[in-house]
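# Structural overview for review
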Amino acid sequence: MAAFLCGALSLALLWSPGAEGFGILPSDSLSHPEITKMALLNATVHACRALAQTEGTDFTFPSKPYTFKSVTSACKATQSSKSFRLAIYLVTYRNIRVDIRHALNASFHFDDEMFAGGRAIIVEGIQSVKASNKEENYDAARQQLGEILHPLQDFYSHSNWVEMANTAPNANLIRSETSIGNIAGPTRATCRNCDGDDCTNNILEDIIAEKVLTSGYFSLVPIVSTKPPGKCSHGGGADKTSKLEPTGGINKDSFKASHGHLHAQAANMAIAATSQLFEDVRGAAGDKAFLQLMGISKGSSKALCFVIDVTKSMSEDIDAVKSVTNSIINTEVGTDNEPSLYILVPFRDPDVGPLTKTSDPKVFKTVIDGLSPSGGGDEPELSLSGLQLALTTGPFNSEIFLFTDAGAKDTYLKSTVIALIERTQTVVNFLITDSPSTNRNQNRIAPVDIQPYKDLAQASGGEAIVVSKRELLTATTIITEASINSMVTLLQTARSPGVTETFLFIVDKTMTKVIVYMTGSSIGFTLTSPSGATQSSTSGSLVSSSVMVGNFQTLRLNVQTGEWKLKLSSTNPYTLKVIGQSPIDFLVDFVEASEGPFGGFDTLETRPKVGVEGYLMVTLTGTDSATVSAVSLVESQRSNAVAGVVQAQGESFLVQFASLPSGQFEVQVKGKEGSSVFQRQSPTSFTASNLTITATAGSLLTPGTPFVVPFTISTSEVGVNITIRATNNRGFTMTFPTTLVIESGNSTNGTVTLSAPLNTRSGSDVTLTIEAETPGRDNNYVVQRFSVLNAVTDFSAPVCELLSLRSNCSVNCSSLQWSFSARVSDGADGTGVERVSLKEGNGTLTTSPDPQNQNSTKVSFSASCCSPSMQILVVDKVGNVDTCTFSFEGMETSPSSLAVKTTATNFLLVLTTLIILFSSVTK
């Protein structure tokens, strides 16, 4: 059920003005989004500081309260603004979606004294997050992280932990095989009736005195209530058990809740607990990986992703890819334009892969340099299979470059690829070469069919560039340069057949570069600047440079603030895209009104419904002060636009449309940053549908166990045969119906069953795409991502054992040193020590394998006597984390003065974090 106000004017991922406990402004009560955001910003700041210390660079804490912009600036990662905001968005959305997808599952809210079930959800989720991080599957980790934060935070609002005067979070909620407290027995009374509306003393005195854990029961229907006699209720208008004796409730979801007088304490405790969980995840991942989880990188947030045809005729193309890769790596590594991730998917027929995914540019360069063309001669190739793998591997908002000189053999995947493009909002660029000098092309019966590539490029906001092989390097250099510079889209459109038309776009004060892309043949243009100057050729004061290769032309404009006009004239089909460099961009998601008991809006995992009312959620990135003034849906092939009604929702904007258009359209956003007006457009084209498809399943897949995904299809038509297609990116075995018939009731159900092989690595993820299509070619899809988690049997963190100590410390410490050696072991049944790192202190730490025990690691440390203490972080191979603190007290040479402490949790750090957060909240 609702807790901590997941709703009105929160982060605007969920807006529910009518549900119980929602509708209090964040300034009055803290919400799940606010709790999550505060803890995430704080954890990100501390991870950036720790990484800076490791790298020997300066770090300055941003002023409080932290903001997205101030944190990325402090982390020297301003180009990560969009990916950082997106990461927080995904975590927060999955958090509050629990109130929609699991509204009446008591374990997800610690209701009905379901403490074992709630803790199991959290612990299993943490294991999945750590495994996904280890495999660098950060999107899957974010989804799981958000889902487990909801029950963790609800524990402090729905249980009596705060009423028992606890001053620190319950650390055992995030650990297995430990006690989370003395839980009330099933027949033990825990509450009395409230005194009218006053519930401040309704928990029984013996429950408080004996520190017995209880939580409120909840039911929407009193006649099916499972509330035992004498038990507490959740409380509130939606909870019908609160009318049954003992009446009232104990929730602290808001200041107006039954125990609203403790709302601030419960919310602050939830912030501290969320910070504690983040510290555990950060410790297991390491600072750099944790920041990647948060979407933070020192260079560009973009991934460099190549999908390459590696048949024999592609040798010149592969050489061009090698040249571009080497240039990017040699010139951009260590700069603001360094890609955060590198992905390679080679393909031929009948093979696709192997996939390379790495954040190490040296590894990527080695793999690219090792590409060797072979085979071919029987075109076309499996280009869309390679693209599908890249789309399900790369992060959201990626940019992919596909190189080929052949058509697609697997065009049956076209609708699947479009579905993945829409869901991931990824830009795909096709670089298609054709040279009559190759044997393959001499045997070619017909020209390459590039129409599928053109359609996919237009759907994604990318380019379909046709060039000779000698021109490929120039074209590739141009578009990859734009990609790694994190450009934003001002305008994009296409016309087929070509027409004479004038297009408008706004260049705002934040723009530092503006580039026009055009594809097609025989295109005439006239540029008009905001000052009224015109230019109809590449020579003139408005264009600083121009390049023409194949069917692709670029114009680099001299930046001038204001509204520009670009008149294009051609009878041939053409595409137009205007991009610029600016920190301001936006995130967009279609949402729909939830049919759950608490209302609200839920993010769609499918296409919205055509011709009816629709909703968008727009979130600006790269700014803390800009506002949205207008949002329109612009038809891809025409200038027609449907305007929406914009309503500010906290840090985001809810946009309502009276009717969604048919056909492809893009989202155009206009707003203000101070006095400057800006315009942005989504690269991705979206499509509405008459079909509706939904799917529900768990989020964790166990290897060797059948995993069932039920789905439902509905439409206004009756008696129609629906074609079903299902694919997954891992090639896992699947069964599903190939057709379904909607006979009555306008809906029908089906299931997809898939199974991961037993040898599937824990932390792998699988993307499942289910498509439905009518005989009239109306189609829709649902895309879901699941995490693979093998059974975990190691729940104990490594332990530290002091072996020796040496010191010559005295009062004059500056020229003297102390040192020690220790053993870190993971026990006979443990998975083994994976990492030992210096967490606090100044000195030299070295590690080496223990020749006597494969589950142990030897540690040596030396430091100046002026630094008498240190702390190491120890992690095993499944992510169990602990800290060991070593100190030499009083600078004495006697071993008795040595204090060695191994803690079950990093209590001091958490307590410090708690104090800091309490201070920031109460100010």
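The following paragraphs examine the structure supplied in this document. (Residues numbered from 1 in each chain as written. Predicted model: local features only at pLDDT ≥ 70, side-chain atom pairs only at ≥ 80, totals over all residues. Heavy atoms only, no water.)

## Observations concerning the sheet that holds strand β32 (residues 733–735)
Sheet strands line up and pair through hydrogen bonds in the backbone, either parallel or antiparallel. Strand order in the open sheet made by the four strands is β28-β30-β34-β32, with antiparallel pairing throughout. With partners counted over all chains shown, the strands left at the sheet margins are β28 (692–695) and β32, one partner each. If you compare each strand with its neighbour and ignore which way they point, the axes differ by 20° on average. Examined bridge by bridge, strand β30 (residues 707–714) and strand β34 (residues 747–755) share eight bridges and lie antiparallel to one another. (Pairing = 2+ DSSP bridges. Helix = DSSP H or I, 4+ residues; strand = E, 2+ residues; numbered from the N terminus. Axes fitted to C-alpha atoms, helices over the stretch in contact; angles between N-to-C directions.)

## Looking at the sheet that holds strand β31 (residues 720–728)
Ordered by their spatial adjacency, five strands build an open sheet running β29-β36-β35-β31-β33, and the pairing between neighbours is mixed. Strands with a single pairing partner mark the edges of an open sheet, and in this sheet they are β29 (700–701) and β33 (739–742). Of the pairings in the sheet, the one linking β29 to strand β36 (residues 779–788) comprises two bridges and is parallel in character. Across the sheet, residue leucine 700 finds its bridge partner in β36, namely serine 787.

## Regarding the environment of phenylalanine 401
Mapped onto the secondary structure, phenylalanine 401 falls in strand β6 (residues 399–404). Residue phenylalanine 401 is classed as buried on the basis of its relative accessible area, which comes to 0%. When near neighbours in sequence (up to four residues on either side) are disregarded, phenylalanine 401 contacts Leu304, Cys305, Phe306, Val307, Asn429, Leu431, Ile479, Thr480 and Ser483. (Buried < 20%, exposed > 50% of the residue type's maximum accessible area, 1.4 Å probe, protein only. Contact = heavy atoms within 4.5 Å.)

## A few points about the packing of aromatic side chains
Tallied over the full model, the rule gives 22 aromatic pairs. Judged by centre distance (5.1 Å) and plane angle (65°), the ring pair of tyrosine 517 and phenylalanine 552 falls under edge-to-face. Highlighted residues: tyrosine 517 in strand β11 (residues 513–519) and phenylalanine 552 in strand β15 (residues 552–557), separated in sequence by 35 residues. As far as burial versus exposure is concerned, tyrosine 517 and phenylalanine 552 are alike and both buried. A network of ring pairs unites the aromatic residues Phe110, Phe115, Phe155, Tyr156 and Trp161 as a single cluster. (Phe/Tyr/Trp six-rings, centres within 6.5 Å; stacked < 30°, edge-to-face > 60°.)

## Re the environment of serine 215
Tracing the sequence through the fold places serine 215 in the loop between β2 (212–213) and α7 (263–285). Taking the relative accessible area as the measure of exposure, serine 215 reaches 0% and is therefore buried. Every residue in contact with serine 215, bar those within four places of it in the chain, is listed here: Phe110, Asp111, Asp112, Glu113, Met114, Phe115, His158, Ser159, Cys232 and Ile250. Within the structure, serine 215 has its side chain in polar contact with the backbone oxygen of phenylalanine 110 (distance 2.7 Å). A distance of 2.8 Å separates a polar atom in the side chain of serine 215 from the backbone nitrogen of glutamate 113. (Polar contact = N/O pair within 3.5 Å; in protein donor to acceptor, adjacent residues only side chain to side chain.)

## Some words on the side chain of threonine 621
Mapped onto the elements, threonine 621 comes out in strand β20 (residues 614–621). For threonine 621, a relative accessible area of 0% corresponds to the buried category. Other than its neighbours up to four places away in sequence, threonine 621 contacts Ser81, Lys82, Arg85, Pro583, Ile584, Asp585, Phe586 and Leu587.

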